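Understanding the architecture of this molecule
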Amino acid sequence: MTSLSTKLAERQAAGKPIRVGLIGAGKFGSMFIAQACRTVGLHLAGIADISLERAVASLKRVDFPADKFDTTPDKQISIDEAITTGRTTLVNDAEKLIAHPDIDVVMECTGNPSAGVRHVLLCCEHKTHIVMVNVEADVLAGPLLVRKAKEAGIIYSMAYGDQPALIAELVDWARTAGFHVVCAGKGTKHLPQYHASTPDTVWDYYGFTKEQLANGDFNPQMFNSFLDGTKSALEMAAVANGCDLTPPTDGLAFPPCGVHDIPDVLRPREVGGRSEHNGTVEVISCLETDGRPVFNDLRWGVYVVIEAAGDYQKDCFKQYGLKTDSTGRYAAQYKPYHLIGLELGVSAASIMVRGEPTGQCKTWAGDVVASAKRDLKAGEKLDGEGGFTVYGKLMTARDSLKIEGLPIGLAHGFILKNDIKKGEYVSWKDVEYSVSAQAVKIRKEMESLYRKEFNISSSNGVNGHA
């Protein structure tokens, strides 16, 4: 196995560090910044953000070396000079980083689906590798964007450190070792009432202290997207698409489950478990349905459930101490924590040293469709994931096409044409939209492509709206 750190050190010694451009200096981006200056063989050459003041604040917050950047937004050095001197410059136009011939990889950390689509297409145009931290864009159009990236000769990668890439790594380990994957997923904090959570209620549910919130890089709508189930749905869609797994037909169930119970809870339903079928995804909750904490939870981690092919493998599970289900047939491997942006440099290293992504969309298996948090009226404006109007629900891509579901990644700024009851899906036919918008155009192109591949015709929408 290639040692990434050794290869990075060799690049550094040869004067050829991996030159990275970061797009978006929010929480994820800040965590990457904190480690970038401490990673031998990696040079953060530039940061693009619509607010240079925010980028400066992020650099200061993580104690980035003061001699490596200028704190004055309007006195930044050129990208050429940053590359020559080993410093970091700030720009407010991401295309400047993407288009620069000496930038090897860009990290797309905006969390904005439309921006993410635009940045991938620019990377295709300028032949720059991209790490898609932006799971919203990946689920919105990843199956098509990966095809375009391959045609352009660049690598489009999941973000190592974020849960989808870590789950994909576990799935790849299992399959490489010859195991059948029964279920894969992650842990989170979830109760059914969280689906209706808004940015006004998120901190009460989350339990963050005022001191923690005072750090300054906590966005209530972004964090609410984790709490209301949208982010979990997006991440499981990304895993389904990247690992060719089939989502449950009625969305995520969020069963309460501790690490020792994973094999029992997530074995197939036909043998007493909760998984609807073999080869699926699920998110487990660290809370019992009455709000009590689950013992030995996996709130911050990821897992994969594997199946013994026969008695010999079952005996090996027992001999080597694996916690299995009651039959000894199903076992789980898990990673208890993930460090999101602090681990992101692994993706850049894998791309440039191994020529491989750290996970990548393979097919369109799962989608996330906007669902009403409350009764919505015609004329209301949707405010996207983590907002006050809708949350994202996981479903199969085929079912999404059948109902012409509105992807959660585009459910922002659109005006409703019809009333939508709480819990109902929103379809394309329920909203006013412009087909000229780039993200809409790409999504529609993908839907048209897969309608033909899946042999699915157009529908009459959902909720009886034509």
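Check the entry above for the structure.
Residues numbered from 1 in each chain as written. Predicted model: local features only at pLDDT ≥ 70, side-chain atom pairs only at ≥ 80, totals over all residues. Heavy atoms only, no water.

Some thoughts on unusual backbone geometry
Positive phi outside glycine occurs at Asp244, with the angle close to 55°. Relative to the elements of secondary structure, Asp244 occurs in the loop between α12 (230-243) and α13 (262-265). Positive phi, close to 60°, is recorded for Asn455, a residue that is not glycine. Relative to the assigned elements, Asn455 resides in the segment after α17 (438-454). Judged by its relative accessible area of 71%, Asn455 falls in the exposed class. (Helix = DSSP H or I, 4+ residues; strand = E, 2+ residues; numbered from the N terminus. Buried < 20%, exposed > 50% of the residue type's maximum accessible area, 1.4 Å probe, protein only.)

Quick look at the pairing of strand β13 (residues 390-396)
The buried count for β13 comes to six of seven residues, which makes it a mostly enclosed element. Direction of pairing for strand β11 (residues 366-372) relative to β13: antiparallel, over a ladder of seven bridges. The residue bridging Val369 from the neighbouring strand is Lys393, located in β13. (Pairing = 2+ DSSP bridges.)

Some details on the nonpolar core
Formed by 87 residues in total, the largest nonpolar core has its most connected members in Leu382 and Val426. The dominant element in this core, judged by the number of residues it contributes, is helix α7 (residues 135-152), at ten residues. With sequence-adjacent residues up to four places away left out, Leu382 is seen in contact with Leu376, Thr389, Val390, Leu406, Ala411, His412, Gly413, Phe414, Leu416, Val426 and Val431. Ranked by size, the runner-up nonpolar core spans 35 residues in total, among them Ile33, Ala55, Val56 and Ala159. (Core = buried A, V, L, I, M, F, W, Y, C linked by side-chain atoms within 4.5 Å. Contact = heavy atoms within 4.5 Å.)

A closer look at the pairing of β11
Counted residue by residue, β11 has seven buried out of seven residues, so it is predominantly covered. Where burial is concerned, the two faces of β11 agree: the one with Gly366, Val368, Ala370 and Ala372 and the one with Asp367, Val369 and Ser371 are both buried.

Focus on the side chain of Ser400
Counting through the fold element by element, Ser400 comes out in helix α16 (residues 397-403). Taking relative accessible area as the criterion, Ser400 reaches 2% and is therefore assigned buried. In contact with Ser400, other than residues within four places in its own chain, are Asp367, Val369, Met395, Gly405 and Arg443.

Focus: the pattern of salt bridges
With the rule as written, the count across this model stands at 20 salt bridges. Lys7 serves as the salt-bridge partner of Glu10, at 3.8 Å between the closest nitrogen and oxygen. Highlighted residues: Glu10 and Lys7, both in helix α1 (residues 4-13), separated by three residues, approximately one helical turn. Exposure remark for Glu10: the relative accessible area of 44% places this residue in the partly exposed category. (Salt bridge = Lys/Arg side-chain N within 4 Å of Asp/Glu carboxyl O.)

So, to be careful, I would describe these as geometric facts and stop short of saying anything about function.
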